[in-house]
Amino acid sequence: MAGKGDGLKARLPRGLADRGPADIRATEAMLATIRSVYERYGFEPVETPLIEYSDALGKFLPDQDRPNEGVFSFRDDDEDWLSLRYDLTAPLARHVAENYERLPKPYRSYRAGWVFRNEKPGPGRFRQFMQFDADTVGASSPAADAEMCMMAADALEALGIERGQYVIKVSNRKIFEGVLEAIQLTDIRRRLGVLRAIDKYDRLGLDGVRQLLGKGRKDESGDFTKGAELDSNQMEVVLGALTPAESSRPADDDAKRGYSLRAETGVFNVTGGDVLFWRKGFPSNKTVDDAFDDLKSIEAVVRAAGYGTDRIRTDPYVVRGLEYYTGAVFEAELLFPVPNEQGQPVVFGSVGGGGRYDGLVGRFGGQDVPATGFSIGVSRLQAALKALGKSGTGETRGPVVVLVMDRAPEALARAQRFVAELRRADLRDASGAIVGAELYLGDAGMKAQLKYADKRNSPCVVIQGGDEVARGVVQIKDLAAGKALAASLASHDAYREGRPGQFEVPEGALVEKVRELILRGGA
């Protein structure tokens, strides 16, 4: 909106985005599809607030590389620290702990909602975004972890993502916990630094991981990430665990650009000799052995349920960034190529993940409660569907608009009666979507009203002037048909005389004729 003087500047903070009707409707349709999958698995909805006590979120900040940052916090009148939630898992743990006695165990729930990250915004990195989670609390069996993977695969396919375009990767956090035991690393910050470095292997490669295991790494923007500061012997053990991955990694730079380690088929089976393949390079101790045994159990469940390696595979290099994961971890990765900022083809990448967090609920009561869950990044998944042409983010159908030709009270009342009749008729298009009806409430004339309806993508407008009132009829202007017919007319005079797409009906036939027009697509 143009203005003069030194008035308040309208501006949006970095890392946030406004959303229009097409985006919102596409999101709602996607959430409904995911919800239907979750409910087929027997999960029920629950909702927690956007704000929690900061200590309920605990020390599990999403980005501890930036001290004292990660969450948006403030103090209330009682001097208690409150924070905007940074994920949906920590609030669920609080909810379960607070209501533990009355909840069924295992407790199976799902929830969708906005989360907030006080991080440096950038391309694809937002301070506010939506997640859709499902969790099972109170089940220690690897079958519960396997179910999360199967449900994630089913949700992606229900959205139209075909087999071969995605993979659910499964690992166990304890694999690298065993590596950390082998190098006798006890400092929590440095241990997390090692895990985060491994988690970035697929993106940064061996050299990038080596830097993060050492003093640190400066990225392309100049930001420096402090490293885990391992000595040479410790670094040798950790890098040795990457031997199986390096043996499968393309050598030339062109191949690496579009390459995803997880996209290689035939390597990620967890049956038979493939477990031995992944064991190469890892130190031998009970923690590592137990983690691989856990993966075998998950694999047995998913294979028995009919999920092959084209859908769910083992990848020991998935460690997940958040500290609260204690065992199995999962990641949903999309394998089709999209152009990056330089126009080069790259694999789309992760759209969700999760894992086992057996210690999070116990923070509130002293007794550990087993739990596992999966979180879908709604905005990122919607971007993926858009790239595949399956997001449904085309033009949204607007309402039928009843134009105002006379602003006398009795004329407005008559026009409002038409609107009420159209609303009571529950108009829907061929897809079943609701088509609303509204009375034009602005002050403009007929030409501007038609432009308004066109901008709203209305299927039609209803017109009744003095002559139509006297004869008990209304004019219906089919806007889509009008555009098509107008393009074929030779002159403006022919357009005015022909009134393309416009027809007259008795007042009593208004609803019937509008319904017919909408069902045939407004043409």
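Residues numbered from 1 in each chain as written. Predicted model: local features only at pLDDT ≥ 70, side-chain atom pairs only at ≥ 80, totals over all residues. Heavy atoms only, no water.

### Describing the overall build of the chain
A tally of helices and strands in the chain yields 19 helices and 18 strands. For the chain, the proportion of its 523 residues judged to be buried stands at 47%. Considering only contacts in the chain between residues 6 or more positions apart, those separated by 24 or more positions represent 70%. (Helix = DSSP H or I, 4+ residues; strand = E, 2+ residues; numbered from the N terminus. Buried < 20%, exposed > 50% of the residue type's maximum accessible area, 1.4 Å probe, protein only. Contact = heavy atoms within 4.5 Å.)

### Examining the packing of aromatic side chains
Tallied over the full model, the rule gives 12 aromatic pairs. Seen from their ring centres, Tyr110 and Phe132 are 5.8 Å apart, and the 50° between their planes marks the pair as tilted. Of this pair, Tyr110 sits in strand 5 (residues 107-116) while Phe132 sits in strand 6 (residues 128-137), and the two are 22 residues apart along the sequence. This pair shows no difference in class: Tyr110 is buried, exactly as Phe132 is. Relative to Tyr317, the ring of Tyr201 lies with its centre 6.1 Å away and its plane at 45°, an arrangement referred to as tilted. (Phe/Tyr/Trp six-rings, centres within 6.5 Å; stacked < 30°, edge-to-face > 60°.)

### So, the pattern of salt bridges
Under the definition given, this model contains 31 salt bridges. Close ionic contact of Glu177 with Arg191 constitutes a salt bridge, the shortest N to O distance being 2.3 Å. Placement of the pair is Glu177 in helix 5 (residues 173-182) and Arg191 in helix 6 (residues 188-199), with a sequence separation of 14 residues. Counted as one network, the salt bridges with shared partners bring together Asp154, Glu157, Arg163 and Arg311. (Salt bridge = Lys/Arg side-chain N within 4 Å of Asp/Glu carboxyl O.)

### Remarks on the sheet that holds strand 2 (residues 51-53)
What the three strands build is an open sheet, ordered 2-4-3; its pairing is antiparallel. Two strands close off the open sheet at either side, each with one partner strand: strand 2 and strand 3 (73-75). For this sheet, the mean angle separating the axes of adjacent strands, direction not counted, is 35°. One ladder, built from three bridges, connects strand 3 with strand 4 (residues 81-84); its direction is antiparallel. Bridge pairing in strand 4 places Ser73 opposite Ser83. (Pairing = 2+ DSSP bridges. Axes fitted to C-alpha atoms, helices over the stretch in contact; angles between N-to-C directions.)

### A few points about the sheet that holds strand 10 (residues 312-314)
If you walk across this open sheet you meet the eight strands as 1-5-6-13-12-11-7-10, and the pairing is mixed. Of all the strands in the sheet, just strand 1 (44-45) and strand 10 have a single pairing partner and so form its edges. Pairing geometry for strand 5 and strand 6, over 10 bridges, is antiparallel. Looking across to strand 6, one finds that Arg108 is bridged to Thr136. Where helix 13 (residues 378-387) meets the sheet, its contacts fall on strand 6, strand 11 (328-339), strand 12 (345-356) and strand 13 (371-377), and the angle it forms with strand 12 comes to roughly 145°.

### Regarding the pairing of strand 13
Burial analysis of strand 13 places seven of its seven residues in the buried class, the great majority of the element. Residues Ala371, Gly373, Ser375 and Gly377 of strand 13 are buried on one face, and the alternating residues Thr372, Phe374 and Ile376, pointing to the opposite face, are buried as well. For strand 6 and strand 13, the ladder comprises seven bridges, and the chain directions are antiparallel. Bridging from a neighbouring strand, Val137 pairs with Ala371 of strand 13. As judged from the five bridges shared by strand 12 and strand 13, these two strands associate in the antiparallel manner.

### Details of unusual backbone geometry
Residues Lys105 and Pro106 are joined by a peptide bond in cis, for which omega reads 0°. Turning to its location among the elements, Pro106 is positioned in the loop between helix 3 (89-98) and strand 5. Phi at Glu79 takes a positive value of approximately 70°, unusual for a residue other than glycine. Relative to the helices and strands, Glu79 is located in the loop between strand 3 and strand 4. Phi at Gln184 takes a positive value of approximately 55°, unusual for a residue other than glycine. Secondary-structure assignment places Gln184 in the loop between helix 5 and helix 6. For Gln184, a relative accessible area of 70% corresponds to the exposed category.

### Focus on helix 8 (residues 232-240)
Restricting attention to buried positions, one finds in helix 8 the residues Gln234, Met235, Val238, Leu239 and Gly240. Two or three places before Asn233, at the start of helix 8, stands the capping residue Asp231, its side-chain oxygen 3.1 Å from that residue's backbone nitrogen. (Polar contact = N/O pair within 3.5 Å; in protein donor to acceptor, adjacent residues only side chain to side chain.)

### Details of the pairing of strand 12
Counting buried positions along strand 12 gives nine out of 12 residues, so the element sits mostly inside the fold. Bridge analysis of strand 11 against strand 12 gives nine bridges, and the strand direction is antiparallel. When the bridges of strand 12 are listed, Leu334 appears paired with Gly349.

### Section: a negative patch on the surface
Where like charges cluster on the molecular surface, the negative patch consists of Asp55, Asp77, Asp78 and Asp80. Its place among the elements puts Asp78 in the loop between strand 3 and strand 4. Among the residues examined, Asp78 registers a relative accessible area of 60% and is labelled exposed. (Patch = residues over 30% accessible without salt bridge, like charges linked within 9 Å, V, L, I, M, F, W, Y side chains within 5 Å. Areas by Shrake-Rupley, 256 points an atom, 1.4 Å probe, with all protein chains shown as cover. Lys, Arg positive; Asp, Glu negative; His and termini not counted. Charge placed at Lys NZ, Arg CZ, Asp CG, Glu CD.)

### A closer look at empty space enclosed by the protein
Inspection of every chain in the model, using the stated rule, returns one cavity of 30 Å³ or more. For the largest cavity, the lining is made up of 10 residues, of which Val170, Glu299, Ile312, Arg313 and Thr314 are closest to its centre. Contributions of two or more residues to the lining of the largest cavity are made by helix 12 (286-304) and strand 10. Among the elements that make up the lining of the largest cavity, the one with the highest residue count is helix 12 (five residues). Residues belonging to the lining of the largest cavity are distributed by class as follows: six nonpolar, one polar and three charged. (1 Å grid on protein atoms, 1.4 Å probe; cavity = no way out; pocket = protein on both sides within 12 Å on 5 of 7 lines; lining within 4 Å. Points joined across faces, edges and corners; volume = space filled by probe spheres on them. Nonpolar A, V, L, I, M, F, W, Y, C, P; charged D, E, K, R; others polar.)

### Notes on the confidence of the model for the chain
Summary statistics for the chain give a mean pLDDT of 84 and a share of 84% for residues scoring 70 or more. In the predicted structure, residues 60-68 sits below a pLDDT of 50 and forms 30 contacts with residues beyond four places in sequence or in another chain. In the predicted structure, residues 248-273 sits below a pLDDT of 50 and forms 56 contacts with residues beyond four places in sequence or in another chain. (pLDDT = per-residue confidence, 0-100.)

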